[in-house]
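Structural overview for review
What follows is the residue order along each chain.
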Amino acid sequence: MSDGCDTHRLLLQAELDGELEAGRAAELAAHVEGCAACAGLRTRLQALQARTQAALPFHAAPPALRARIAAQLTPARPAAAPSPRRRRRGALGFGLGAAMAAGLALVVLPRSGAPDRGAEILASHIRALQPGHLVDVLASDRHTVKPWFDGKLDFAVPVRDLAGFGYPLVGGRLEYVGGRPVAALVYRRDQHEVQVFAWREDAPQSPPVAERRSGYAMLRWAEDGMVYWAISDIPLEELTGFVERFRTAR
Amino acid sequence: MAFGDPAGPPAEIPPALAAAILENLDSAHNLARWLLRDPVVAEDVVQDAVLRALRHAGGWRGGEPRAWLLRIVRNAALDRIAARGREIPLEDDAAAALPDPAPDPEAALAARQTRHGLAAAVAALPLELREALMLRTVEEMSYRDIAAVTGVPIGTVMSRLWRARAALLRAKVEA
């Protein structure tokens, strides 16, 4: 079995791949007419190419992966709340404050048509738990973490020191949610990670609203032009306490 | 046209880039599967690569996005392989039965491929040969784009393609 003339086999391959310009193609054709080895190789290469094209699978992205990534790339819709855009600080709407105080867990379904931020936050949290994915800046000192974000985000990141309450800071990470860069703050509670995602968004003030997804407790709230999500696998009651500390600490 | 200043804070994702990522997501996943051979790891690497692409949005000059994205996917896949210390092994015992592939990896195909067919034979090729052949045959990429994705000169791409095809021809694989 011959491989064709050494000098011509790459040209034969280029011709097969449509990469041979016209001038050289004519030269090659003239050569092949007089060279059985090359003529044979050309035939075998063509046959191999056809079989390879038929046999090699193309692995399209599974729908779940595509959906997750599409959610990450979906820009946030502008806030379209019919009620006044800002509530007085401290005003609690819809009786949620009372429910929270009573320790009830609420499961809030996303408004139909709105991107499911909760699903994005959950996916980001789970990804971050993989080895090596947790933090971009590893520092238990907020005076290190806060300036680290300064060069990367165009808003101030409120990094709270909660070590005194049993939630030492692990570090921070740049994340993408709704097509925008956001801050992820990582705290630890015993063997569990508690993450706070924070970004600037002109949303109406909203006290913490709870949900549970896939075994994770989540709380979201909005104040002073920022949106926050807290997520952890610690019990919701504990995460509620964490969020209260976070919101009142300075 | 530059999107954002790479040295400054990352801009919001340009819609054109978001669309380009989604349009080429299948190719990205396909390359990850071919390089890593494990569906779960491949999905994770694609996710990783998308995040890297968003962080480097400032580096995309609005040109052909498929080659740009696949280069990022390839780097993410190779980082993962390096972190493991080795490629993810082929699943069946034929791989374990292969002689040490270092001296002549192409020749070592012979035992495996006759039993399992052309797709398996390609999957058994060394990474650089496998990816070149796959990008040319399945993705129908030009030599120039393959060179951009793999970071080698066009001549090297041609040589790798030739070695992949010669190995398959020598082994007389039945489809």
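What counts and what doesn't
Residues numbered from 1 in each chain as written. Chains lettered and ligands numbered in written order. Predicted model: local features only at pLDDT ≥ 70, side-chain atom pairs only at ≥ 80, totals over all residues. Heavy atoms only, no water. Contact = heavy atoms within 4.5 Å. Buried area = accessible area lost by both parts, 1.4 Å probe. Salt bridge = Lys/Arg side-chain N within 4 Å of Asp/Glu carboxyl O. Pairing = 2+ DSSP bridges. Helix = DSSP H or I, 4+ residues; strand = E, 2+ residues; numbered from the N terminus. Axes fitted to C-alpha atoms, helices over the stretch in contact; angles between N-to-C directions. Core = buried A, V, L, I, M, F, W, Y, C linked by side-chain atoms within 4.5 Å. Buried < 20%, exposed > 50% of the residue type's maximum accessible area, 1.4 Å probe, protein only. Phe/Tyr/Trp six-rings, centres within 6.5 Å; stacked < 30°, edge-to-face > 60°. Expected span 1.5 Å × (residues − 1). Lys, Arg positive; Asp, Glu negative; His and termini not counted. Polar contact = N/O pair within 3.5 Å; in protein donor to acceptor, adjacent residues only side chain to side chain.

1. Some points on the interface of chain B and chain A
On the side of chain A, 44 residues touch chain B, which itself brings 46 residues to the contact. Roughly 4,500 Å² of surface becomes buried between chain B and chain A when both sides are summed, with 62% attributable to carbon and sulfur atoms. Among the residues of chain B in contact with chain A, Gln 47, Trp 162 and Leu 169 of chain B are the three that bury the most area, contributing 16% of the side total. In this structure, the connection of chain B to chain A is made through seven salt bridges. Asp 48 of chain B is the salt-bridge partner of Arg 127 of chain A, the closest N and O atoms lying 3.7 Å from each other.

2. Digging into the sheet that holds strand β5 (residues 206-213) of chain A
All names here are of chain A. The antiparallel open sheet is built from seven strands, whose spatial order is β1-β2-β3-β4-β7-β6-β5. Strands with a single pairing partner mark the edges of an open sheet, and in this sheet they are β1 (137-138) and β5. Pairing geometry for strand β4 (residues 192-200) and strand β7 (residues 226-232), over seven bridges, is antiparallel. Within β7, the residue paired with Val 194 across the bridge is Ser 232. Sheet contacts for helix α7 (residues 142-150): β1, β2 (169-177) and β3 (180-189); angle to β2, the most-contacted strand, approximately 15 degrees.

3. Thoughts on the nonpolar core
Of all hydrophobic cores here, the largest spans 76 residues; its most connected members are Leu 31, Leu 36, Val 122 and Leu 135 of chain B. Excluding residues that lie within four positions of it along the chain, Leu 31 of chain B makes contacts with Leu 70, Val 73, Arg 74, Met 134, Leu 135 and Val 149 of chain B. With 47 residues, the next largest nonpolar core counts Val 182, Ala 183, Met 218 and Val 243 of chain A among its residues.

4. Thoughts on unusual backbone geometry
Residues and elements named next belong to chain A. Even without being a glycine, Asp 190 presents a positive backbone phi close to 50 degrees. For Asp 190, a relative accessible area of 60% corresponds to the exposed category. Of note in this structure, Asp 224 is not a glycine but carries a positive phi near 55 degrees. Structurally, Asp 224 is set in the loop between β6 (216-223) and β7.

5. Concerning the packing of aromatic side chains
All names here are of chain A. Enumeration over the complete set of coordinates arrives at eight aromatic pairs over all chains. On the numbers, 5.0 Å between centres and 80 degrees between planes, the contact of Trp 148 with Phe 149 is edge-to-face. The pair formed by Trp 148 and Phe 149 is uniform in burial state, with each residue classed as buried. Between the aromatic rings of Trp 221 and Tyr 228, the centroid separation amounts to 5.0 Å while the plane-to-plane angle is 10 degrees, which identifies the pairing as stacked.

6. Let's talk about the pattern of salt bridges
If you walk through the whole model with that rule in mind, you get 23 salt bridges over all chains. Put simply, Arg 247 of chain A and Glu 223 of chain A hold a salt bridge, and the shortest N to O gap is 3.3 Å. Note that Arg 247 of chain A is positioned in helix α8 (residues 236-248) and Glu 223 of chain A in strand β6, a separation of 24 residues in sequence. The partner of Asp 79 of chain B in a salt bridge is Arg 52 of chain B, and the shortest N-O contact between them spans 2.9 Å. Of this pair, Asp 79 of chain B sits in helix α4 (residues 65-84) while Arg 52 of chain B sits in helix α3 (residues 39-55), placing them 27 residues apart in sequence. Here Asp 79 of chain B falls in the partly exposed class, since its relative accessible area comes to 41%. The exposure class assigned to Arg 52 of chain B is partly exposed, which follows from its relative accessible area of 25%. Beyond isolated ion pairs, a larger network of salt bridges with shared partners links Arg 127 of chain A together with Asp 44, Asp 48 and Arg 80 of chain B.

7. Considering α4 of chain B
In this model, α4 of chain B (20 residues) spans 29 Å end to end at C-alpha, consistent with the 28 Å of a helix rising 1.5 Å per residue. Count one or two residues on from α4 of chain B and you reach Gly 85 of chain B, which has phi positive near 90 degrees.

8. A look at the side chain of Arg 160 of chain A
Residue and element names in this part refer to chain A. Tracing the backbone shows Arg 160 in the loop between α7 and β2. We note that Arg 160 is buried and unpaired, the nearest opposite charge coming from Glu 223 at a distance of 6.1 Å. A polar contact of 3.4 Å, which involves the side chain of Arg 160, links it to the backbone oxygen of Ala 249. If sequence neighbours within four positions are ignored, Arg 160 has contacts with Arg 142, Tyr 187, Phe 246, Ala 249 and Arg 250.

9. Things to note about the pairing of β5 of chain A
All names here are of chain A. Counted residue by residue, β5 has six buried out of eight residues, so it is predominantly covered. Pairing between β5 and β6: six bridges, direction antiparallel. Paired with Val 209 across the bridge in β6 is Arg 220. Hairpin geometry of β5 and β6 is characterised by an intervening segment of two residues between the two adjacent antiparallel strands and by a positive phi of about 50 degrees at Ser 214.

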